Amino acid sequence: MSAFKTYDIRGRLGTELTETVAHRIARAFATVTGADAVVLARDCRESSPALADAVAAGLIAQGVRVLDLGLAGTEEMYFATAQLGAGGGLCVTASHNPREYNGMKLVGRGAVPLPDADFARLRALTEAACDPDKVPGGGREDRSTVRRDYVAHVARLVGAAGIGPLRLVMNGGNGAAGPTLDALAEGLAAQGARLDLVRMHHAPDGSFPNGIPNPLLPENRPATGEAVRAAGADVGVAFDGDFDRCFLFDGEGGFVDGEHVVALLAAAHLATAPGAAIVHDPRVIWAVEDAVRRGGGRSVLAPTGHIFLKAAMRREGALYGGEMSAHHYFRGFMSCDSGMIPWLMVAKLVSQSNASLTELVSAMRQNFPSSGEINFRVANLPAVVQRVEAELASRSRSTDRTDGLSLDFGNWRLNLRASNTEPLLRLNVEARGDADLVAEGVARVRALIEG
């Protein structure tokens, strides 16, 4: 198995990903991008410092100036790549994957994802295991102070003065979020935000004593929900390992489904820019499309995955793009994803609406119930999708293939797609105002998949 996935790198330590492999990836990255300076960041996993050192050595061997952020989030790498005018950026992280994994997220100049051809060439050069001749002139520079510019940019983007007073529980998951959150909290307060942040699992700890930070898994959510209720907080926020995603909980400790967060953020953007394009993935769409329609915007579907959302945003000039899996993209942030901007924008929305987060999402929960993503491990993914289509497509009002198979039956809808990163078939079902229809739809499709 290779550590190279559809658009990033992630592999099992010691076999798929080693320091030697990381060194080769870095040298290939320098060759493919032609960058004279590359931003480097890492998460808090126990293997990340050594892998980051190997990456730095590989880049330096190619004559590259390594602009080192140290422990930082993926979005800080994105920001610094654009801010410092670097030819590329690389973050050593496995985000929410198990302890025995690590990986890398990579971008080119301006924090733009690498084109498919460049990523394929990067893989080919790495797997050829043929090191090019060394180039003089490389070095490693501490650029951790760029965090100050990142904080100032985020505070300006969200309009910090309009936030609060609110109490929020912030669950860092013992990932990389803690130090950046502290810096951001200080910067927001200086700009007039009034936030009482209750921190939990805050210190970065690569042994993950409270479990791998993956709030998308239902079994990982109760800790944050209980903390929200115990603190009497207005909102709860839980981050994944490299904090490019955040997950929200209302004041009752209830998890806010990803598509409802996308709908809230779409509405917030359209309130100041009616008519703007909003990009979103096709897995669960009705709540988002309703918010975009009511805001006078234009809904644009794009395949799931950051390279596809970012490309669509740039192509459409979109203000915002969102995925139900909690990736949120902002034109004011290089069309990149951020895990800090979404919760701040929702906090501002709650502050200015005179309504709780529970109240803001209650109508969507009732009007557009959904199943959440259900994963199936099957031997032949195309054959299973074909079986579902053969049985159900003739009964649907419309079929869409933006990403996998989407069938719209009028009062309920399904999306069935292969994962970009794992050998899984992913099912999402939604309905209009009838949770029983969601359960019936799931049961119907599950029988076809497992039959």
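Just so it is clear, the model here is predicted, and its values are computed rather than measured.

1. As for the pattern of salt bridges
Here comes step 1: A full pass over the atoms with the stated rule returns 29 salt bridges.
Here comes step 2: The shortest N-O distance in the salt bridge between Asp-290 and Arg-293 comes to 2.7 Å. Of this pair, Asp-290 and Arg-293 both sit in helix H9 (residues 286–294), separated by three residues, roughly a single helical turn.
Here comes step 3: The exposure class assigned to Asp-290 is buried, which follows from its relative accessible area of 18%.
Here comes step 4: Judged by its relative accessible area of 56%, Arg-293 is exposed.
Here comes step 5: Residues joined in a network through salt bridges with shared partners are Asp-281, Arg-283, Glu-323, Glu-373 and Arg-426.

2. A look at the side chain of Glu-16
Here comes step 1: With respect to the secondary-structure elements, Glu-16 resides in the loop between strand E1 (9–12) and helix H1 (19–33).
Here comes step 2: Of the side chains bearing the opposite charge, Lys-5 lies closest to the buried Glu-16, which forms no salt bridge; the N-O distance is 4.9 Å.
Here comes step 3: Within the structure, the side chain of Glu-16 is placed 2.8 Å from the backbone nitrogen of Arg-12, a separation counted as a polar contact.

3. Side note on the packing of helix H5 (residues 146–158) against helix H11 (residues 341–353)
Here comes step 1: Where H5 meets H11, the axes come as close as 10 Å, and the angle between the chain directions of the two elements is 35 degrees. The two elements H5 and H11 cross, and the hand of that crossing is right-handed. In this structure, H5 contributes Val-154, Leu-157 and Val-158 to the contact, and H11 contributes Ile-341, Leu-344, Met-345 and Lys-348.
Here comes step 2: Tallied by class, the residues present in the contact of H5 with H11 amount to six nonpolar, no polar and one charged.

4. Quick notes on the nonpolar core
One recurring pattern in soluble globular proteins: nonpolar side chains tend to sit buried together.
Here comes step 1: In this structure, Leu-188, Val-237, Phe-239, Met-340 and Trp-343 are the most contacted members of the largest nonpolar core, which totals 74 residues.
Here comes step 2: By residue number, the principal contributor to this core is helix H8 (residues 258–272), which donates eight residues.
Here comes step 3: Discounting chain neighbours no more than four positions away, the residues touching Phe-239 are Met-170, Asn-171, Gly-172, Ala-177, Pro-213, Pro-215, Arg-245, Cys-246, Gly-339, Met-340 and Trp-343.
Here comes step 4: Residues Ile-9, Val-32, Leu-59 and Met-104 belong to the second largest nonpolar core, which totals 30 residues.

Procedures and definitions
The numbering scheme is per chain: residues are counted from 1 as the chain's sequence reads. Totals for whole chains, interfaces and linings use every residue, but because this is a predicted model, local features are given only for residues with pLDDT of at least 70 and side-chain atom pairs only at 80 or more, for both listing and counting. Think of the side-chain values as coming from all heavy atoms in the structure, minus any hydrogens and water. The term salt bridge refers to a pairing of a side-chain nitrogen on Lys or Arg with a carboxyl oxygen on Asp or Glu at a separation within 4 Å. Each helix corresponds to a stretch of at least 4 residues labelled H or I by DSSP, and each strand to a stretch of at least 2 residues labelled E; elements are numbered beginning at the N terminus. Think of it in three bands: with a 1.4 Å probe and only protein chains considered, a residue is buried below 20% of the maximum accessible area for its type, exposed above 50%, and partly exposed in between. The charge count treats Lys and Arg as positive and Asp and Glu as negative. His and the chain ends do not count. Between N or O atoms, a polar contact is any pair within 3.5 Å; within protein, one atom must be a potential hydrogen donor and the other a potential acceptor, and residues adjacent in sequence are included only when both atoms are from side chains. Lines fitted to the C-alpha atoms define the axes, with helices restricted to the stretch that makes contact. Angles between their N-to-C directions range from 0 to 180 degrees. Crossing handedness is defined as follows: a turn of the near helix away from the far one that is anticlockwise and smaller than a right angle gives a left-handed crossing, while the clockwise case is right-handed. Every residue pair with non-hydrogen atoms within 4.5 Å of one another is taken to be in contact. Charged residues are taken to be Asp, Glu, Lys and Arg, nonpolar residues to be Ala, Val, Leu, Ile, Met, Phe, Trp, Tyr, Cys and Pro, and polar residues to be all remaining types, Gly included. What makes a nonpolar core is a set of buried Ala, Val, Leu, Ile, Met, Phe, Trp, Tyr and Cys residues whose side-chain atoms join them at distances within 4.5 Å.

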